[in-house]
Structures are given as structure tokens and as C-alpha cells.
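# A structural walkthrough
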Amino acid sequence: MKLDRVIALRNNKTIYRDGDLVIKVFHDGKKADILNEALNQARVEETGLNVPRLEEVTKFDGQWAIVTEYIPGKTLQQLMDENPDQFDAYLNRFVDLQLEVQRHTCPMLNTLTEKMQKKISQSALDATTRYELHTRLAAMPVHHKVCHGDFNPSNIIITPEDKAYIIDWSHATQGNASADAARTYLLFWLAGNTEGAEKYLHLFCKKSDTAKQYVQKWIPIVAASQSVKGKPEEKEILLHWADVVDYE
């Protein structure tokens, strides 16, 4: 494999393409987290969802790397940016894809509730707010649906044949679909697309027959969880969302 064609850069990783392969090289990070990402990918593959095939976990110059199948095409975000007049149609497809993911189960994935309880405890919120969020989370219905954890248009590739593939399963868990929807709502909001966020939430709730208020109850919980390992420039905003415990 050759690491000479960079296709994406992230804070702690570089993503290369070598022919029919994608090599994600981690520059830091815990070995357990990297291996867990690969394991998530392998487990989700078994559901039958369209995801890039995991090929191997290896090392390059002492740095861990995950090697997957290369999927040609454009991300849904690129298509939205290139064709703003078709945003609503793309958003409709986006929500359908998310609902398709959530129709699956994958019992070997970590649970969303346990992950969020840990993250809330690690957050910079005061003890009173953490207690209220822990209490709210404990009262939420426990489901076992596949939750992507970072479901946004940049993580969907549309091939030239118009087939959709979902990538980046590092945050995947099994849990409540509305928590995953709350996360996606926040991702639109953090990207500065507040109008898109509201359109998304309306569409998700309509298609899934879910009360908007129910998804909104998840927003502070999800924001607190994301604030722990989220981007530094987003932390203050996420903590604000997390602190609005009675947000409606």
C-alpha cells in the first residue's frame, strides 16, 4: 500500500487512497479506541447495510491504521453544496437512510445509554446539571436500534450509480433512535445550518412518527456527551445546549 494520495485531513488522522483501498492513519489516540472503531465497522457490515468493507487493521511507521474498501462518488454534503436548489430532496433521502440504519439491530455494539452516562460524568458541567442529565437519561426508554453516532451528510457517499454508502462508524452504538436524531440535529446546528437543522428535525419526526418534544428531550443529554471529545471551538456551544435541561 502507498500513502501518497491524501483524500482527507482530520485533527488526529490522515486518510489516504491507494487504488481500491482507503487507509485511515491515526496520529494519536488510544489503541483500544482505534480497534473499537474497526470492530464497529465489522459488526455493522454484518447487518447488511451498505458500508465500506473492512480489509485490515495495521501499522504504518508505528502508527495504527484502518484499511477499508474505497467507495467512489461524492458525499451527500458535496451534492447539497453543489445543488442548493435540491437540498430538500437530498434531505429527504438523508432521513430515509438514517431510518434504514435504525431499523437494524446489532447486539454486539456498545450501548448508547452506558456511553452517555460516562460522558456526562466526564463533562465540565456542574454537579447539579450532571445529576439532572443522569436522571433524565435513566428515565428514557431503552431501545436497541443501530445508532450511527455521527450521522451527517458528509458521512454518506453517493456512487455514480446512485447507491448510498454510510461511512465512519467510530461512534456507533445500540440504543434509542431519537438520541441519534438529536445528535444529527446538533450537527446541522453546529455547522451553521440552523434552517436545515429545523427542516431535518421536522422531517425525521414526521417520517418516524416521533413527537418533536421527545427528540428535544435528548438534546441536552447528547450535547453534554459530545462536549467531552468534541471540537474545542464547539465545546462552549454544546455546554450551553447541555445546560438547558428544560429545553423544548
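What counts and what doesn't
Residues numbered from 1 in each chain as written. Predicted model: local features only at pLDDT ≥ 70, side-chain atom pairs only at ≥ 80, totals over all residues. Heavy atoms only, no water. 1 Å grid on protein atoms, 1.4 Å probe; cavity = no way out; pocket = protein on both sides within 12 Å on 5 of 7 lines; lining within 4 Å. Points joined across faces, edges and corners; volume = space filled by probe spheres on them. Helix = DSSP H or I, 4+ residues; strand = E, 2+ residues; numbered from the N terminus. Nonpolar A, V, L, I, M, F, W, Y, C, P; charged D, E, K, R; others polar. Phe/Tyr/Trp six-rings, centres within 6.5 Å; stacked < 30°, edge-to-face > 60°. Buried < 20%, exposed > 50% of the residue type's maximum accessible area, 1.4 Å probe, protein only. Lys NZ or Arg CZ within 6 Å of the ring centre and 35° of its normal. Pairing = 2+ DSSP bridges. Axes fitted to C-alpha atoms, helices over the stretch in contact; angles between N-to-C directions. Expected span 1.5 Å × (residues − 1). Contact = heavy atoms within 4.5 Å. Core = buried A, V, L, I, M, F, W, Y, C linked by side-chain atoms within 4.5 Å.

## Some remarks on the layout of surface pockets
- Computed from the structure, the second largest pocket encloses a volume of approximately 190 Å³.
- Around the second largest pocket, the lining is made up of 13 residues, and of these L99, Q102, K145, A177 and S208 lie nearest the centre.
- At the level of elements, α3 (87–102), α6 (177–190) and α7 (194–208) are the ones that each hand at least two residues to the lining of the second largest pocket.
- Looking at the lining of the second largest pocket element by element, the count peaks at three residues for α7.
- Here the residues of the lining of the second largest pocket sort into four nonpolar, six polar and three charged.

## Comments concerning the packing of aromatic side chains
- For the structure shown, the criterion picks out seven aromatic pairs.
- Ring geometry for F94 and F151: centres 4.8 Å apart, planes at 35°, overall tilted. Residue F94 is located in helix α3, and its partner F151 is located in the loop between β7 (145–147) and β8 (156–158); the two are separated by 57 residues in the primary sequence. A single burial state applies to F94 and to F151, both of which are buried.
- Their ring planes at 85° and their centres at 4.9 Å tell us that W189 and W241 sit as a pair that is edge-to-face. A residue pair is termed long-range when its members are at least 10 positions apart, and W189 in helix α6 and W241 in helix α9 (residues 232–243) qualify at 52 residues.
- A relative accessible area of 28% places W189 in the partly exposed class.
- Pairwise contacts between aromatic rings join F94, F151, F188, Y200 and F204 into one cluster.
- The side chain of R17 reaches across the aromatic face of Y70, ending 3.8 Å from its centre.

## Things to note about the sheet that holds strand β5 (residues 63–69)
- The five strands are arranged β1-β2-β3-β5-β4 in an open sheet whose pairing can be described as antiparallel. One side of each edge strand has no neighbouring strand; the edge strands of this open sheet are β1 (6–9) and β4 (54–60). Adjacent strand axes in the sheet meet at a mean angle of 20° when their direction is disregarded.
- Bridge analysis of strand β2 (residues 13–18) against strand β3 (residues 21–26) gives six bridges, and the strand direction is antiparallel. Looking at β3, one finds that T14 is bridged to V25.

## A few points about α9
- In a regular helix each residue adds 1.5 Å, so 12 residues correspond to 16 Å; α9 covers 17 Å between its end C-alpha atoms and thus fits that length.
- Of the surrounding elements, those touching the buried residues of α9 are α5 (127–139), α6 and α8 (212–229).

## Looking at the pairing of β4
- Where β4 lies against β5, six bridges are found, and the strand directions are antiparallel. When the bridges of β5 are listed, T58 appears paired with A65.
- Counting the residues that bridge the hairpin from β4 to β5 gives two residues, and of these D61 lies at a positive phi of roughly 50°.

## Side note on the nonpolar core
- Ranked by internal contacts, the top residues of the largest apolar core, which has 56 residues, are F94, I156, W169, Y200 and W218.
- At eight residues, the largest contribution of residues to this core is made by α3.
- Discounting chain neighbours no more than four positions away, the residues touching F94 are L76, F151, N152, P153, I156, T184, F188 and Y200.
- One finds Y16, F60, A65 and V67 within the second-largest nonpolar core, a separate group that totals six residues.

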